[in-house]
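What follows is each chain in one-letter form.
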Amino acid sequence: MTRKENRADYPSHLKQVDRGGQQAGELEVDRLSLERTRAANEVGSAIAHQLNGPLTALRLYIGEIRQNSGRFRETAETQDSMQQMVEAAFQETERLCAMMRLIADTFEEPLYPETAAALGRDVINWWSRSNSTEGNVHAAGVASFALLTPREREVLSYVSQGCSNKQGAIRMQIGPRTFESHRARVMRKLGAKNAADLVRMALCEKVVTL
Amino acid sequence: MAALQLHGTERMPHLARATTRILVIDDDVCVSTAIQAILARHQYHTALASRAHAGIYAFQASQFDVVMIDLFMPGMNGLDTISRIRSKSAVPIIAMSGFRLRNSLDPDQDFLGMAILRGATISLRKPFSPAQLVAAIDRSLGLASSTESTMQ
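Note that the structure is a prediction, hence the values are computed from the model and not measured.

Visitor: How would you sum up the overall build of chain A? Please name residues and give values.
Guide: When its secondary structure is counted, chain A shows 10 helices and zero strands. Starting at the N terminus and walking to the C terminus, you meet the elements of chain A as α-α-α-α-α-α-α-α-α-α. Counting over 210 residues, chain A shows a buried share of 28%. Restricting to contacts in chain A with at least 6 residues of sequence separation, those with at least 24 account for 72%.

Below is the structure:
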């Protein structure tokens, strides 16, 4: 039940983390990374869940249209191009459905079926809300991702994967101090106020480029 | 309630399908409308419910030959809905879900498998094709009559 409660008040969780982010230590970053991983999973699973409906409807319609596409023939010429387009639309839909299967297999469905759909919508709402209120900040953040060097991008990706300074440094085979200074530069370039901000920006960037 | 709309076609009354009534319980109206459109082309009657409670109400208020239930709905979930309907009737139930597994690390937590345990006749993973949909309906009707005959 505790996991359920945790999940339920997830958005307020983040706010709390934001406030405490000023004195960001290792522990804080670890906790944030964990939050981030969980948030990414939740958002991903929610999006996958929301996508499934329209995709199911699309597959049904396209499948039926394709089945009957021979019937609405006019001239042989229009029929050919129509059938080609229907076939293409069908193939694209099948491709999307195959992707959807992969996504549905990759993400865990939220733990409690009875709250899954509602939670999914909550996350979506929270996500779009937080993006619209901070629209400008977020847009500026996305633009400044272009300023990062490959090294700094690597650092950011480790941070957003949930690595601590130490873990990230080991993976990049550099000293923890160097990693830390890279991270500080990333924060400066992106205009992140604190570690929480950085993780959230990384999350948004990741979601935006998904 | 707007959740319950009865709809059907009487085009080919000589087919057994024309008298088959299907209840679709799914909170995503786009999905249930698509299912309805496809099934109407195959001469099935369908009724739609967008909430589990509305679905159970409709099921009690009218006669249905097959019930299709989405496993993830706000309010009462699909698994409980299956249990509720199964406790009252032997009607074939088709469970629908986009997610087969609850947890990719634990293959035992299979939603569609759980639906079968709760009494669903057939499970259908979303997104499904029109052919899969019609095959599931036909199969559930066949299974239902065969289980009936074995029970007799």
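Continuing now.
Visitor: So what about the nonpolar core? Which residues, and what values?
Guide: Residue and element names in this part refer to chain B. Judged by nonpolar contacts, the single largest core of 47 residues is most densely connected at I22, L23, I35, V67, M68, I94 and A95. With five residues, helix α1 (residues 29-41) is the largest single contributor of residues to this core. Each residue touching L23, except ones within four places of it in the same chain, is listed here: A47, A49, G55, A58, F59, F64 and V67.

Visitor: Explain helix α8 (residues 165-172) of chain A to me, using residue names and the numbers behind them.
Guide: Residue and element names in this part refer to chain A. Turning to α8, its buried residues are N165, G168 and A169. What you see down the axis of α8 is that its buried residues fit within an arc of 100°, all on one side. Following α8 by one or two positions, Q173 adopts a phi angle in the positive range, close to 55°.

Visitor: Requested: an account of unusual backbone geometry, with residues and values cited.
Guide: A cis amide bond links B:K126 with the next residue in sequence, B:P127, at an omega value of -10°. Mapped onto the elements, B:P127 comes out in the loop between β8 (122-125) and α5 (130-151). For A:Q173, which is not a glycine, the phi torsion comes out positive at approximately 55°. Mapped onto the elements of the fold, A:Q173 is located in the loop between α8 and α9 (176-190). For A:Q173, a count of 6 C-beta atoms within 10 Å corresponds to the exposed category.

Visitor: Requested: an account of the confidence of the model for chain A, with residues and values cited.
Guide: All names here are of chain A. Taken as a whole, chain A shows an average pLDDT of 68; of its residues, 54% reach a score of 70 or greater. Confidence, read as mean pLDDT per element, is least for helix α1 (residues 2-8) in chain A (41) and greatest for α8 (87). Scored below 50 in pLDDT, residues 1-21 makes 18 contacts in the model with residues more than four places away or belonging to other chains. Here residues 110-117 is a poorly scored stretch, pLDDT under 50, and it has 19 contacts once near neighbours within four places are set aside; other chains count.

Visitor: A description of α9(A) should follow, citing residues and the corresponding values.
Guide: All names here are of chain A. In this model α9 runs 21 Å from its N-terminal to its C-terminal C-alpha over 15 residues, within 8% of the 21 Å that 1.5 Å per residue would give. Restricting attention to buried positions, one finds in α9 the residues F179, H182, R183, V186, M187 and L190. An end-on view of α9 places all buried positions within 140° of arc, on one side of the element. Away from the buried face of α9 by more than 90 degrees, exposed residues R177 and R188 are located.

Visitor: Describe the pairing of strand β5 (residues 93-97) of chain B, with residues and values.
Guide: Residue and element names in this part refer to chain B. Of all five residues in β5, five are buried; the element is thus mostly enclosed. Residue alternation in β5 divides its side chains into two sets, I93, A95 and S97 and I94 and M96, and both sets are buried. Note that strand β4 (residues 66-70) and β5 share four bridges and pair parallel. Along β5, the bridge assignment pairs M68 with I94.

Visitor: Please provide a residue-by-residue account of the packing of helix α7 (residues 150-160) of chain A against α9(A), values included.
Guide: Residues and elements named next belong to chain A. Direction vectors running N to C along α7 and α9 enclose 95°, while the axes themselves pass 9 Å from each other. Judged on the interaxial angle alone, α9 and α7 are roughly perpendicular. Side by side, α7 and α9 meet where R151, E152, V155, L156 and V159 of the first sit next to F179, H182, R183, R185 and V186 of the second. By residue class, the composition of the contact of α7 with α9 is five nonpolar, one polar and four charged.

The rules behind each value
Residues numbered from 1 in each chain as written. Chains lettered and ligands numbered in written order. Predicted model: local features only at pLDDT ≥ 70, side-chain atom pairs only at ≥ 80, totals over all residues. Helix = DSSP H or I, 4+ residues; strand = E, 2+ residues; numbered from the N terminus. Buried ≥ 20, exposed ≤ 12 C-beta atoms within 10 Å, placed from the backbone. Contact = placed C-beta atoms within 7 Å. Core = buried A, V, L, I, M, F, W, Y, C linked by C-beta atoms within 7 Å. Arc of directions from axis to C-beta. pLDDT = per-residue confidence, 0-100. Expected span 1.5 Å × (residues − 1). Pairing = 2+ DSSP bridges. Axes fitted to C-alpha atoms, helices over the stretch in contact; angles between N-to-C directions. Parallel < 35°, antiparallel > 145°, perpendicular 65-115°, else oblique. Nonpolar A, V, L, I, M, F, W, Y, C, P; charged D, E, K, R; others polar.

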